[in-house]
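# Descriptive analysis of the structure
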Amino acid sequence: MSVFTDSELEYLAGQRLGRIATVGPDGQPHVVPTSFRYNAEHDAIDVGGMRMSQTKKLRDVQRTGRASIVVDDVLPPWQPRLIEIRGTATVIPSGGKAFGERFEDTIVRIQPTRIIAFGIDSDETTSARSVKAPER
């Protein structure tokens, strides 16, 4: 059983771009657009990039072991939807080719510890919950 609801998984599957947030050594947030995909095997979010090993987000994750990703959009006329996924983050040396041949193989995997969703179930309620990843 996933830490995500069926509606959240459906929403994530329909999106291509998110914004990953990390924190630098100076304590300043770093937020950049990124490719992502849901990894069903690990019930986690994998973040990929063309030059991932050269990025600040990767260095921040190596230093702190934490990251968040926000995936959002707005349906007409004005129906915002979003999922914020906070969690532990790990640099994984393989898996990036699943994003496409031009992507570097190194990825960042975010294992959710907190999920905040808004507008996903076709209403404007907010769902916020702490989660524990299933034992593997």
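Residues numbered from 1 in each chain as written. Predicted model: local features only at pLDDT ≥ 70, side-chain atom pairs only at ≥ 80, totals over all residues. Heavy atoms only, no water.

Here Arg-109 lies in strand β6 (residues 107-118). Reaching out from Arg-109, the side chain makes a polar contact with the side chain of Asp-46 at a distance of 2.7 Å. Here Arg-109 is in contact with Asn-39, His-42, Ala-44, Ile-45, Asp-46, Thr-88, Ala-89, Thr-90 and Ile-92, once residues within four sequence places are set aside. (Helix = DSSP H or I, 4+ residues; strand = E, 2+ residues; numbered from the N terminus. Polar contact = N/O pair within 3.5 Å; in protein donor to acceptor, adjacent residues only side chain to side chain. Contact = heavy atoms within 4.5 Å.)

What helix α2 (residues 56-64) keeps buried is the set Lys-57, Leu-58, Asp-60 and Val-61. Summarising the axial view, the buried residues of α2 lie within an arc of 160°, below the 170-degree limit, and thus occupy one face. On its buried face, α2 is in contact with β1 (17-23), β2 (29-39), β4 (66-75), β5 (79-92) and β6. Of the residues flanking the end of α2, it is Gly-65, one or two places downstream, whose phi is positive at about 70°. (Buried < 20%, exposed > 50% of the residue type's maximum accessible area, 1.4 Å probe, protein only. Arc of directions from axis to C-beta.)

This part is about helix α1 (residues 6-13). Three or four residues apart is the spacing at which side chains of an α-helix point the same way, because the helix has 3.6 residues per turn. Within α1, the full set of buried residues consists of Glu-8, Tyr-11 and Leu-12. Projected onto a plane normal to the axis of α1, the buried residues spread over an arc of 95° and lie on a single side. Exposed residues lying more than 90 degrees from the buried face of α1 are Asp-6, Glu-10 and Ala-13.

By themselves, these figures tell us nothing about what the structure is for.
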